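# Results of the structural survey
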Amino acid sequence: QANCDEVNAETVSTALAIAAVITWFGEKIGGQAAALPLATALTILFTTIFPSVAKSLSCTGETLGTSLLYIFFATAGAPGLSIADSVKKSFFPVGIFLGMLYGIHGLVLISVRK
C-alpha cells in the first residue's frame, strides 16, 4: 500500500485528468450506451500498462472514490423513480459487460482451483 499522506493537489489533479481523458475516450468510442463498460475497460488497460502511475495515485483514487460514493448515495433518491436516458440506454451493454466480467472471473477461479 502506498503512503496515504501523498494526497495533495497534484495527485488529485492528475487523477481527475486521467479520469476525464478515459471518460472522454469511452464516450467517443462507445457512444452513450457503451461508455461505462468501455471506460472501465480502458481504466483496466491503463493500470495494466502503467502500474507505477496507478500505484502512485491509489490513495488519491481511494479518497476521491469514497467521497464521490458518499455524494452518490446522498443524492441517489433525489430524482425519485425516474431513470435518466443514459441509464436506460446503457442497461443492456452494462449487463453484458458484467455477465462477461463475472463469467470470466468465475472460470479463472475454477481453473486455478483445480
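Before reading further, recall that the structure is shown in the block above.
Residues numbered from 1 in each chain as written. Predicted model: local features only at pLDDT ≥ 70, side-chain atom pairs only at ≥ 80, totals over all residues. Heavy atoms only, no water.

## Digging into the overall build of the chain
Of the regular secondary structure elements, the chain holds 4 helices and 0 strands. By residue count, 12% of the 114 residues in the chain fall in the buried class. For the chain, long-range pairs separated by at least 24 residues make up 73% of all intrachain contacts whose partners lie at least 6 apart in sequence. Roughly 8,600 Å² of accessible area belongs to the chain as shown, and the carbon and sulfur atoms make up 71% of that amount. (Helix = DSSP H or I, 4+ residues; strand = E, 2+ residues; numbered from the N terminus. Buried < 20%, exposed > 50% of the residue type's maximum accessible area, 1.4 Å probe, protein only. Contact = heavy atoms within 4.5 Å. Areas by Shrake-Rupley, 256 points an atom, 1.4 Å probe, with all protein chains shown as cover.)

## What about helix α1 (residues 9-49)?
End to end, α1 covers just 24 Å across 41 residues, shorter than the expected 60 Å (1.5 Å per residue, more than 12% under). Where α1 bends most, the angle comes to about 130°, and this point is A34, followed within four residues by the proline P37. If you check which residues of α1 are buried, you get T11, A15, I22, G26, A35, P37, A39 and F46. One side-chain oxygen of the residue at the start of α1 lies 3.0 Å from the amide nitrogen of E10, identifying that residue as N8. (Expected span 1.5 Å × (residues − 1). Bend = angle between axes of the 7 residues up to and from the residue. Polar contact = N/O pair within 3.5 Å; in protein donor to acceptor, adjacent residues only side chain to side chain.)

## Focus on the packing of aromatic side chains
According to the stated counting rule, one finds 2 aromatic pairs in the structure shown. Between W24 and F25 the ring centres are 5.0 Å apart and the planes differ by 70°, which places this aromatic pair in the edge-to-face class. Judged by its relative accessible area of 47%, W24 is partly exposed. The class of F25 is partly exposed, set by a relative accessible area of 38%. (Phe/Tyr/Trp six-rings, centres within 6.5 Å; stacked < 30°, edge-to-face > 60°.)

## Some points on the side chain of T60
Along the chain, T60 turns up in helix α3 (residues 58-75). With residues up to four places along the chain from it excluded, the contact list for T60 reads E6, V7, T11, V12 and A15.

## A few points about the environment of G95
With respect to the helices and strands, G95 occurs in helix α4 (residues 85-113). Judged by its relative accessible area of 40%, G95 falls in the partly exposed class. With 58 residues separating them in the primary sequence, G95 and P37 have C-alpha atoms 9.3 Å apart.

## A look at a nonpolar patch on the surface
Together, F92, I96, M100, I104, V108 and V112 make up an exposed nonpolar region whose accessible area comes to about 620 Å². Within the fold, I104 resides in helix α4. (Patch = residues over 30% accessible without salt bridge, like charges linked within 9 Å, V, L, I, M, F, W, Y side chains within 5 Å. Salt bridge = Lys/Arg side-chain N within 4 Å of Asp/Glu carboxyl O.)

## Topic: the side chain of T11
Structurally, T11 is set in helix α1. Given a relative accessible area of 12%, T11 falls into the buried group. Engagement of the side chain of T11 in a polar contact is seen with the side chain of T60, the distance being 2.8 Å. In this view, T11 contacts E6, L57 and T60; residues no more than four positions away in its chain are not counted.

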